[in-house]
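Listed here are the chains, written in short residue letters.
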Amino acid sequence: MSERRFHFISGLPRAGTTLLAAILNQNPRFRAGMTSPLADIMGVVVAEASSKNDFAFDVTDEQRVSLLRGLVENFYSVDARPEAVFDMSRLWCSRMGLLNTLFPGVKVIACVRQLAWVLDSMERLVLKQPVSVSKVFRYDTNTTVYSRVEALTDPRGMVGFAYQATKEAFYGEYARDHLLLLTYESLVRNPEAAMRAVYRFLGEPWFNHDFDNIAYSADEFDARVGMPGLHVVRARVEAVERTPVLPREVFGRFANEAFWADPKNNVNQVTIV
């Protein structure tokens, strides 16, 4: 049996990460799901194996690598069937060097979308729940669309951190060979072409996906964070035209934040689909 391969999904929220996982899951050789706690667990271990812990002087770099790689391998060891595992976290784009140390030659898929539409999609979820409040906004009931956008785009906010992490990966030293940017627009408008590019990037043999019969949801998680529908995927992959719900000036403020869309920015020759 060949050695199991680990791939990583990252990027912006509301940009197709869950859709990508749902499509990949059709392939019986793959396992992909919504955001896992693995990156957060790894962060705790890194901290405790560093100078934060007075006894960490007795931990070598070789031990750290073995420990962290073992975290990934053992986390998924309970299901030995998949040949390739896709772990998802918005943190991975900020840890490209770590991932390449643990898994030399690692491949990371970062899903991206026009930032204005990411924020508009988040606001649309909020408006669907007028009688509840979300953990995303720390259960604050005294918010407006303007304060919600500010909270989301803060450098430590749900969207702001993911955006900066993706940007860091895009301009970083591991971008050229280890990063693929998958645009939401390409994935929903021409899913087969987009997925063929993903398979080529990963070096995985092609599987014929059914883009008219995709099914995925994470109702329990979405309910826990107070955002029902956050990880719901429609059965058919298609582009849906919408009118923005964000105020015009807010939408316009973020309309030109797609750094990946300007070829002059792609100094690392990152594959962009």
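Anyway, here's the lowdown on the structure attached to this text.

Rules behind the numbers
- Residues numbered from 1 in each chain as written.
- Predicted model: local features only at pLDDT ≥ 70, side-chain atom pairs only at ≥ 80, totals over all residues.
- Heavy atoms only, no water.
- Helix = DSSP H or I, 4+ residues; strand = E, 2+ residues; numbered from the N terminus.
- Rg over C-alpha atoms; globule rule 2.2 N^0.38 Å.
- Buried < 20%, exposed > 50% of the residue type's maximum accessible area, 1.4 Å probe, protein only.
- Contact = heavy atoms within 4.5 Å.
- Areas by Shrake-Rupley, 256 points an atom, 1.4 Å probe, with all protein chains shown as cover.
- Lys, Arg positive; Asp, Glu negative; His and termini not counted.
- Charge placed at Lys NZ, Arg CZ, Asp CG, Glu CD.
- Pairing = 2+ DSSP bridges.

A tally of helices and strands in the protein chain yields twelve helices and six strands. Taking 273 residues into account, the globule formula puts the C-alpha radius of gyration at 19 Å, and the protein chain, at 19 Å, falls close to it. If you line up the protein chain on its principal axes, its C-alpha atoms span 55 × 50 × 40 Å. Out of the 273 residues in the protein chain, the part that is buried amounts to 48%. Of the contacts made within the protein chain by residues no fewer than 6 positions apart, 77% connect residues no fewer than 24 positions apart. Of the roughly 14,100 Å² of accessible surface on the protein chain, 51% is carried by carbon and sulfur atoms. Once the 31 positive and 32 negative side-chain charges of the protein chain are each reduced to a mean point, those two points are 4 Å apart.

Spatially, six strands are ordered 2-3-1-4-5-6 in an open sheet, and the strand pairing comes out parallel. Only two strands of the sheet have a single partner each, and these edge strands are strand 2 (30-32) and strand 6 (271-272). Where strand 4 (residues 108-112) meets strand 5 (residues 179-183), five bridges bridge the pair, whose relative direction is parallel. Across the sheet, residue valine 112 finds its bridge partner in strand 5, namely threonine 183.

Another aspect to go through is the pairing of strand 1 (residues 5-11). With six of seven residues buried, strand 1 lies mostly within the body of the structure. When strand 1 meets strand 3 (residues 84-88), the two strands line up parallel, connected through five bridges. Opposite isoleucine 9, over in strand 3, you have methionine 88 as the bridge partner. Sheet topology places strand 1 next to strand 4; four bridges connect them, and they run parallel. Considered in strand 4, the bridge of phenylalanine 8 is made with valine 108.

Here the focus is the environment of valine 145. By the element assignment, valine 145 lies in helix 6 (residues 145-153). Sequence separation between valine 145 and threonine 166 is 21 residues, and the spatial gap between their C-alpha atoms is 25 Å.

Take it as geometry only, folks, not as evidence of what the structure does.
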